[in-house]
Amino acid sequence: DLLARLAAATEEEEGRRKRSESSSSFHPELQPILVLLAQLAPALHVRDDQAHLQGFIVLVSRCLLYANAMVRRMAARALLPFVPVQSVPSFIRDQLLGKIPPPLPPPLPAYNRHNLVQGMLEAARQMVEAQTRKEEGWSDLIESLKGRGDWHLLCEALQEKLAALEDERVPPPIRMTLLKVVDDLVWAPSGRLVQQEEEEEEERGGAGNERRCTGAYELREAAAGACRRLIAREREEPHAPMLFSFLGQASRFLVRHLVLRLQQRSSKRRSNEKGEEEEEEILQEVMGLCEHGMYEVRWMALRGLKEGILGRRGLKLSSGRAKRRIQQRLLQRLQEESNHLCRRKLLRLLLSLGKLQEESVAVKEGGEEVPVWTWLSSIQRSTDVKSSERALAMSGEVLSALLRGNRWKQGGGGGGGG
């Protein structure tokens, strides 16, 4: 019986933890059981044997606090099949977020508590991602948000936890997981929500601008504010790679939020002076992140900008004026960027924005400006195989963009490749 085997494995691990024995190893049957449970299909409705399945939920939840990170991740995935889809937001709110203990005062570390918080948040992230990954599931989520149902209540519960993002007592991996939970929840349906409410406002003749999805909007605004404050007070600590990664994720979240705000203002067709000033402020903040002194912050800002422009997250930026202004600033940044990976990201972003003419784009190399094609050719001759391969791939992308641009100029359209 699988349930009995899982109970035996968790009891043995619980006894080992209470005896403070080494937790680098674990019961040999625990991993295969969790892997097997994670492969089951999620429950689409409350089953007749839900009480029996509750036994699995209790035992798998115990594994969320294990010191072994791999066990915690497997346990988080193994929970998915046992929680009915319609119960996911209430389960996350009550059984996961609701059971996270408050922050402990110094001195740290408090390893057991950190393991529990990390495990709970990882389970929440897995569940939210499973519900928001596919667009066909957004309609129910949006209706729940508009009707102030369980998903709205989950947004409120998450907003109460956002203080942890700025709490230096909380390890960066935990803060990053919390931000990912918020990220998956607000960005999958955000563009659709904005679009729907703008269409409804237009049908009403522009009368009123009340937002019905206040939970999602307030959560996104609060998280963006926390990310903004985090980046503003960042400190150059030489031995904090996870902190730098977390700040990079914060930058990515904030840029997508700013692109969405830019799209909202552009869609309202504000041509007055106030509207232009608002757009300029947003563009300045976006480009400030793309030009940030910390590599992780500016690289992830460029990634978030590309996602916002292409519509991979949130609403696709359709304002031609905003795109042109971003393109001009990115071209200027390309001439100053010294990091190879950021240069590559900048080139790809410029390709996504539209026309990229090789003769009009230059980068600084050895204190002199050289055409981007010359720069890529020099990297291709590098003795470092990985750098050479990346430059070759980038050259192909630039050449492909130039050929497509020439075909459009000659009236050949944009279909097919040659």
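In this text, all values refer to a predicted model and were calculated from it rather than measured experimentally.

## With respect to the overall build of the chain
Inference 1: Along its length, the chain carries 17 helices and 2 strands.
Inference 2: Expressed as a percentage of the 418 residues in the chain, the buried residues total 48%.

## A look at unusual backbone geometry
Inference 1: Positive phi outside glycine occurs at R148, with the angle close to 55°.
Inference 2: On the basis of relative accessibility, which here comes to 46%, the residue R148 falls in the partly exposed class.

## As for the pattern of salt bridges
Inference 1: The full count for this structure, using the stated rule, is 17 salt bridges.
Inference 2: R233 is paired through a salt bridge with E166; the nearest N and O atoms lie 3.7 Å apart. Residue R233 is located in the loop between α10 (214-232) and α11 (241-267), and its partner E166 is located in the loop between α8 (150-161) and α9 (172-203); the two are separated by 67 residues in the primary sequence.
Inference 3: Classification of R233 as partly exposed rests on a relative accessible area of 36%.

## Here we look at the environment of A164
Inference 1: Tracing the sequence through the fold places A164 in the loop between α8 and α9.
Inference 2: A164 gets classed as partly exposed once you look at its relative accessible area, which sits at 22%.
Inference 3: Between the C-alpha atom of A164 and that of I174, which follows or precedes it by 10 residues, the distance is 8.7 Å.
Inference 4: In contact with A164, other than residues within four places in its own chain, are V170, R175 and L178.

## Here's the deal with the side chain of E307
Inference 1: The residue E307 is located in helix α13 (residues 295-310) in this model.
Inference 2: Reaching out from E307, the side chain makes a polar contact with the side chain of R252 at a distance of 2.7 Å.

## A look at the state of the cysteines
Joining two cysteines, a disulfide is a covalent bond between their sulfur atoms.
Inference 1: All told, the structure shown has 0 disulfides when counted by the stated rule.
Inference 2: For the unlinked cysteine C290, the closest cysteine sulfur is that of C342, found at 9.5 Å.
Inference 3: You can call C342 buried: its relative accessible area is 0%.

## Describing the packing of α13 against helix α15 (residues 340-353)
Inference 1: Packing of α13 against α15 leaves a shortest axis separation of 10 Å and a crossing angle of 15°. Accordingly, the angle class assigned to the pair α13 and α15 is roughly parallel. Seen along the crossing, α13 lies across α15 with a hand that is left-handed. When α13 is examined against α15, the residues Y295, R298, W299, L302, R303, L305, K306, I309 and L310 are found in contact with a partner set consisting of L341, C342, K345, L346, R348, L349, S352 and L353.
Inference 2: Tallied by class, residues from the contact of α13 with α15 come to 11 nonpolar, 1 polar and 5 charged.

## Overview of the nonpolar core
Inference 1: Counting residues in each nonpolar core, the largest one holds 107 residues, and the members touching the most others are L305 and L330.
Inference 2: Of the residues forming this core, the biggest block, 12 residues, is contributed by α11.
Inference 3: Apart from residues lying up to four places away in sequence, L330 is in contact with M287, L302, L305, L346, L349, L350 and L353.

## Some points on the packing of α13 against helix α14 (residues 320-336)
Inference 1: Running from N to C, α13 and α14 point in directions that differ by 150°, and their axes come no closer than 13 Å. Between α13 and α14, the crossing angle belongs to the class labelled roughly antiparallel. Note that α13 runs across α14; the crossing there is left-handed. Between α13, through R298, L302, L305 and I309, and α14, the contact on the second element is made entirely by K323, I326, L330 and R333.
Inference 2: Residues that form the contact of α13 with α14 fall into these classes: 5 nonpolar, no polar and 3 charged.

## Overview of the environment of L37
Inference 1: Take L37: it is sitting in helix α2 (residues 30-38).
Inference 2: In this structure L37 touches L2, L6, F56, V60, A78, P81 and F82, once residues within four positions along its chain are discounted.

## Details of the confidence of the model for the chain
Inference 1: Within the chain, residue pLDDT values average 77, and 67% of them lie at 70 or more.
Inference 2: Across residues 412-418, where pLDDT falls below 50, the model places 6 contacts with residues more than four positions away in sequence or in other chains.

## Observations concerning the environment of L193
Inference 1: Here L193 is to be found in helix α9.
Inference 2: Here L193 falls in the buried class, since its relative accessible area comes to 3%.
Inference 3: C-alpha separation for the pair L193 and I142, spaced 51 residues apart in sequence, amounts to 7.2 Å.
Inference 4: Residues in contact with L193, not counting those within four places in the same chain, are I142, L145, C213, A216 and Y217.

## Thoughts on the packing of aromatic side chains
Inference 1: For the coordinates displayed, the defined rule picks out 2 aromatic pairs.
Inference 2: Ring geometry for F56 versus F82: centroids 5.0 Å apart, planes at 5°, classification stacked. Of this pair, F56 sits in helix α3 (residues 50-62) while F82 sits in the loop between α4 (69-79) and α5 (88-96), and the two are 26 residues apart along the sequence. You'll find F56 and F82 in the same group, each marked buried.
Inference 3: Both rings, one in W187 and one in F253, keep their centres 5.6 Å apart while their planes meet at 70°; by these two values the pair is edge-to-face. Residue W187 is found in helix α9, and its partner F253 is found in helix α11; the two are separated by 66 residues along the sequence. Across this residue pair, the class does not change: W187 and F253 are buried.

So, how was this worked out
- Residues numbered from 1 in each chain as written.
- Predicted model: local features only at pLDDT ≥ 70, side-chain atom pairs only at ≥ 80, totals over all residues.
- Heavy atoms only, no water.
- Helix = DSSP H or I, 4+ residues; strand = E, 2+ residues; numbered from the N terminus.
- Buried < 20%, exposed > 50% of the residue type's maximum accessible area, 1.4 Å probe, protein only.
- Salt bridge = Lys/Arg side-chain N within 4 Å of Asp/Glu carboxyl O.
- Contact = heavy atoms within 4.5 Å.
- Polar contact = N/O pair within 3.5 Å; in protein donor to acceptor, adjacent residues only side chain to side chain.
- Disulfide = S-S within 2.5 Å.
- Axes fitted to C-alpha atoms, helices over the stretch in contact; angles between N-to-C directions.
- Parallel < 35°, antiparallel > 145°, perpendicular 65-115°, else oblique.
- Left-handed = near helix turned anticlockwise from the far one by under 90°.
- Nonpolar A, V, L, I, M, F, W, Y, C, P; charged D, E, K, R; others polar.
- Core = buried A, V, L, I, M, F, W, Y, C linked by side-chain atoms within 4.5 Å.
- pLDDT = per-residue confidence, 0-100.
- Phe/Tyr/Trp six-rings, centres within 6.5 Å; stacked < 30°, edge-to-face > 60°.

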